[in-house]
Amino acid sequence: MKNKQLTYFTIIGAHITLAILVYTIPFLSIIYGLLIPLFGTLYVLKTQNKHNEVLWISAYVAASEVFLRMTEGNLVHEVAKYEVIYFMVLGMFYKGFSRKALIYVVFLLLLIPGIIYGSYELSFEANVRKAILFNILGPICLGVSAIYCYRRPVTSNTIYKILAFTGFPIITIVTYLFLKTPNVKEAVTGTSSNFATSGGFGPNQVSTILGLGMIVFFALFLLYSKTKKEIVIHIALLSITSFRAIVTFSRGGVYTGVLGILLLIAIVYLYSNQQNKSKILALFVFMCLGGTGVWIFSSYQTSGMIEYRYANQDAAGRVKKDKLGGREEISRTELAMFWENPLTGVGVGKNKEYREELTGRVAASHNEITRMLAEQGALGIVCLLILITTPLFLYFDNKQHLLLLSFYVFWLLTINHAAMRIAAPAFIYALSLLKVSFANEEMPVVHRESAV
């Protein structure tokens with residue numbers, strides 16, 4: 001047990017050190033980005049995916065993507081999605097997949113007509129391959145991941161390792177953000193999404209991955225902290241990650257993180273005995289007090305600007321007309337495209353050009369739901385129905401998957417404000433399809449006391 005703890009804390013320390021090294025020598029980010037798929041492949045080949053190692057590695061790939069993007073460590077912008085697809089296919093080579101996962105094969109097949117139609121509809125000036133891949137690679141990554149994960153039996157220990165491997169790169173991101181912007185107060189000058197507090201990278205994507213970190217560190221605290229040392233570490237990571245998510249001034253990831261945490265508390269409470277229910281209620285009060293403390297500290301660090309941001313006000317306290325940073329207009333134009341082309345849609349990749357023709361504004365979609373409707377028409381509706389309903393149906397026979405709804409909601413909320421620009425929502429969605437059991441394991445309800 002002590003050796004396992006030492007290894008866990010050593011890996012955490014290594015990821016903090018990694019952030020310092022990349023901050024000091026930026027070129028190391030490229031090497032780090034190359035080593036992830038290399039070591040991942042070697043590990044899977046060695047273990048032959050006996051314990052679903054591809055899930056741990058894919059979790060690490062998805063969580064490290066934002067760090068590699070902000071430090072320019074990815075030689076190809078969308079490489080994380082390719083890597084997740086690659087590891088899922090490699091996993092299927094060793095362990096196959098459920099026949100019932102064919103529903104997601106159907107999902108992938110339904111994407112093809114929109115791709116073909118888009119390749120004909122895009123203008124001659126457009127980079128057809130790039131325009132189509134930018135919009136379709138996320139759904140493909142989701143579909144392939146879902147085929148691997150669908151009803152795949154895993155234990156609680158596998159979920160723990162997925163959470164841990166997701167958390168390690170997020171620790172690196174948080175450390176790097178503190179190195180880039182040690183003084184948040186000086187970096188905040190208004191109420192718009194803040195690139196300075198987001199490591200110079202897109203606040204929306206940074207907020208998204210930090211929101212995932214909030215869910216991950218809370219789950220590790222609640223379900224898998226066996227010692228007081230682990231409890232303290234996970235609470236500290238949760239608090240620090242929440243603070244950095246808030247000060248990005250991008251609200252989507254924070255809302256998603258909070259809702260994911262509340263759902264996990266509710267699910268654990270629902271399936272606990274009376275004694276544990278009283279503990280969970282006490283924990284809920286503690287978390288509310290802790291969250292309030294993080295918010296007050298964030299408000300102090302931003303000179304009150306964060307309160308204006310969440311009240312949808314500018315720096316002078318005036319209410320903004322636009323509540324979602326221009327996303328309403330983008331969604332409206334996509335719905336207009338759907339109503340004008342309800343059967344075929346405008347074709348994958350075409351919505352950006354079509355929007356420019358309608359409004360004169362060049363902007364990519366932030367909402368995967370309206371994008372699929374606009375680009376794929378009626379087939380987009382069928383695709384969305386598959387995605388939205390399948391995890392919910394599986395939930396009724398998968399009550400031991402305590403994180404199912406948290407993973408599902410992370411995907412659903414994220415695709416409404418950040419589409420599937422990064423691999424995380426696609427992969428996390430697939431995790432909601434796993435069949436979790438506690439066979440030969442103690443059910444991790446609340447944290448269990450043990451020696452330090």
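In the block above lies the structure referred to throughout.
Every value quoted in this text rests on a predicted model; they were computed, and no experiment measured them.

Draft legend 1. How the structure looks around the overall build of the chain. What the chain contains, in helices and strands, is 18 helices and 2 strands. For a compact globule of 452 residues, the expected C-alpha radius of gyration is about 22 Å, and the chain comes in at 22 Å, within 12% of that figure. By its C-alpha atoms, the chain is 65 × 60 × 50 Å across when sized along the principal axes. Residues classed as buried in the chain amount to 56% of the 452 residues present. Sequence separation of 24 or more characterises 81% of the internal contacts of the chain that already satisfy a separation of 6 or more. Counting only carbon and sulfur atoms, one obtains 66% of the accessible surface of the chain, whose full area is about 19700 Å².

Draft legend 2. Seen up close, the packing of aromatic side chains. All chains considered together, the criterion is met by 25 aromatic pairs. Consider the rings of phenylalanine 178 and phenylalanine 243, whose centres lie 6.3 Å apart with planes at 25°: the pair is stacked. With phenylalanine 178 in helix α7 (residues 156–180) and phenylalanine 243 in helix α10 (residues 228–246), the pair connects residues that are 65 residues apart, well separated along the chain. For phenylalanine 178, a relative accessible area of 33% puts it in the partly exposed group. Given a relative accessible area of 6%, phenylalanine 243 falls into the buried group. Taking 5.9 Å as the distance between ring centres and 45° as the angle between the ring planes, the aromatic pair formed by tyrosine 408 and tryptophan 411 counts as tilted. Residue tyrosine 408 and its partner tryptophan 411 are both found in helix α17 (residues 404–417); the two are separated by 3 residues, about one turn of the helix. Since its relative accessible area comes to 6%, tyrosine 408 is described here as buried. If you follow lysine 277 out to its NZ or CZ, it ends over the ring of tyrosine 269, 5.2 Å from the centre.

Draft legend 3. Helix α12 (residues 274–301), seen in detail. Between its terminal C-alpha atoms α12 stretches 41 Å, which fits the 40 Å expected from 28 residues at 1.5 Å a residue. If you check which residues of α12 are buried, you get Asn276, Lys277, Ile280, Leu283, Met287, Val294, Ser298, Ser299 and Gln301. Remark: serine 303 follows α12 within two positions and exhibits a positive phi of approximately 55°.

Draft legend 4. Structural view of α7. For α7, which comprises 25 residues, the first-to-last C-alpha distance of 36 Å matches the rise-based estimate of 36 Å (1.5 Å per residue) to within 8%. When you tally the buried positions in α7, you get 18 out of 25 residues, the bulk of the element.

Draft legend 5. Up close: the pattern of salt bridges. Under the definition given, this model contains 7 salt bridges. A salt bridge links arginine 69 to glutamate 65, with the shortest nitrogen-to-oxygen separation between them at 2.8 Å. Taken together, the residues arginine 69 and glutamate 65, both in helix α3 (residues 53–70) and 4 residues apart, mark about one turn of the helix. Linked through salt bridges whose partners overlap, the residues forming this network are Glu65, Arg69, Glu78 and Lys81.

Draft legend 6. Quick look at the packing of α3 against helix α9 (residues 203–224). Where α3 contacts α9, the two axes come as close as 10 Å, and the packing angle between them is 150°. Here α3 lies roughly antiparallel to α9, going by the angle between them. Seen along the crossing, α3 lies across α9 with a hand that is left-handed. Every residue of α9 that contacts α3 at Ala62, Ala63, Val66, Arg69 and Met70 is listed here: Gln205, Val206 and Ile209. Residue composition of the contact of α3 with α9, by class: 6 nonpolar, 1 polar and 1 charged.

Draft legend 7. Representation of unusual backbone geometry in the model. In this structure, asparagine 52 takes a positive phi of about 60° despite not being glycine. As for its position among the elements, asparagine 52 is in the loop between α2 (28–47) and α3. Even without a glycine there, the phi angle at alanine 419 is positive, about 50°. If you trace the backbone, alanine 419 turns up in the loop between α17 and α18 (424–431).

Draft legend 8. Quick look at the environment of isoleucine 159. In this structure, isoleucine 159 sits in helix α7. Residue isoleucine 159 is classed as buried on the basis of its relative accessible area, which comes to 5%. In this structure, the C-alpha to C-alpha distance between isoleucine 159 and leucine 431, residues 272 residues apart in sequence, is 9.0 Å. In contact with isoleucine 159, other than residues within four places in its own chain, are Val154, Tyr224, His401, Leu403, Leu434 and Val436.

Draft legend 9. Region of the structure containing the nonpolar core. Within the largest apolar cluster, 130 residues are counted, with the highest numbers of intra-cluster contacts made by Leu55, Tyr104 and Phe218. Of the residues forming this core, the biggest block, 15 residues, is contributed by α9. Setting aside residues up to four positions removed in sequence, leucine 55 forms contacts with Met88, Tyr148, Cys149, Val154, Thr158, Ile162, Phe427, Leu431 and Leu434.

Draft legend 10. Local environment of a nonpolar patch on the surface. Nonpolar side chains collect at one region of the surface, where Ile25, Phe27, Ile31, Leu35, Leu38, Phe39, Leu42 and Leu45 lie side by side and expose about 750 Å² of accessible area between them. What makes leucine 45 partly exposed here is its relative accessible area of 42%.

Draft legend 11. Looking closely at the environment of asparagine 341. You can see asparagine 341 is positioned in the loop between α14 (327–340) and α15 (351–359). Those residues in contact with asparagine 341, other than ones at most four positions away along the chain, are Val346, Tyr354 and Gly377.

Draft legend 12. Representation of the state of the cysteines within the structure. A complete count under the given rule lists 0 disulfides for this structure. Of all cysteine sulfurs, the one in cysteine 141 lies closest to cysteine 149, which takes part in no disulfide; the gap is 10 Å.

Draft legend 13. Structural context of the side chain of arginine 251. Within the secondary structure, arginine 251 sits in helix α11 (residues 251–270). Separated by 3.2 Å, the side chain of arginine 251 and the backbone oxygen of arginine 309 make a polar contact.

The rules behind the values
- Residues numbered from 1 in each chain as written.
- Predicted model: local features only at pLDDT ≥ 70, side-chain atom pairs only at ≥ 80, totals over all residues.
- Heavy atoms only, no water.
- Helix = DSSP H or I, 4+ residues; strand = E, 2+ residues; numbered from the N terminus.
- Rg over C-alpha atoms; globule rule 2.2 N^0.38 Å.
- Buried < 20%, exposed > 50% of the residue type's maximum accessible area, 1.4 Å probe, protein only.
- Contact = heavy atoms within 4.5 Å.
- Areas by Shrake-Rupley, 256 points an atom, 1.4 Å probe, with all protein chains shown as cover.
- Phe/Tyr/Trp six-rings, centres within 6.5 Å; stacked < 30°, edge-to-face > 60°.
- Lys NZ or Arg CZ within 6 Å of the ring centre and 35° of its normal.
- Expected span 1.5 Å × (residues − 1).
- Salt bridge = Lys/Arg side-chain N within 4 Å of Asp/Glu carboxyl O.
- Axes fitted to C-alpha atoms, helices over the stretch in contact; angles between N-to-C directions.
- Parallel < 35°, antiparallel > 145°, perpendicular 65-115°, else oblique.
- Left-handed = near helix turned anticlockwise from the far one by under 90°.
- Nonpolar A, V, L, I, M, F, W, Y, C, P; charged D, E, K, R; others polar.
- Core = buried A, V, L, I, M, F, W, Y, C linked by side-chain atoms within 4.5 Å.
- Patch = residues over 30% accessible without salt bridge, like charges linked within 9 Å, V, L, I, M, F, W, Y side chains within 5 Å.
- Disulfide = S-S within 2.5 Å.
- Polar contact = N/O pair within 3.5 Å; in protein donor to acceptor, adjacent residues only side chain to side chain.

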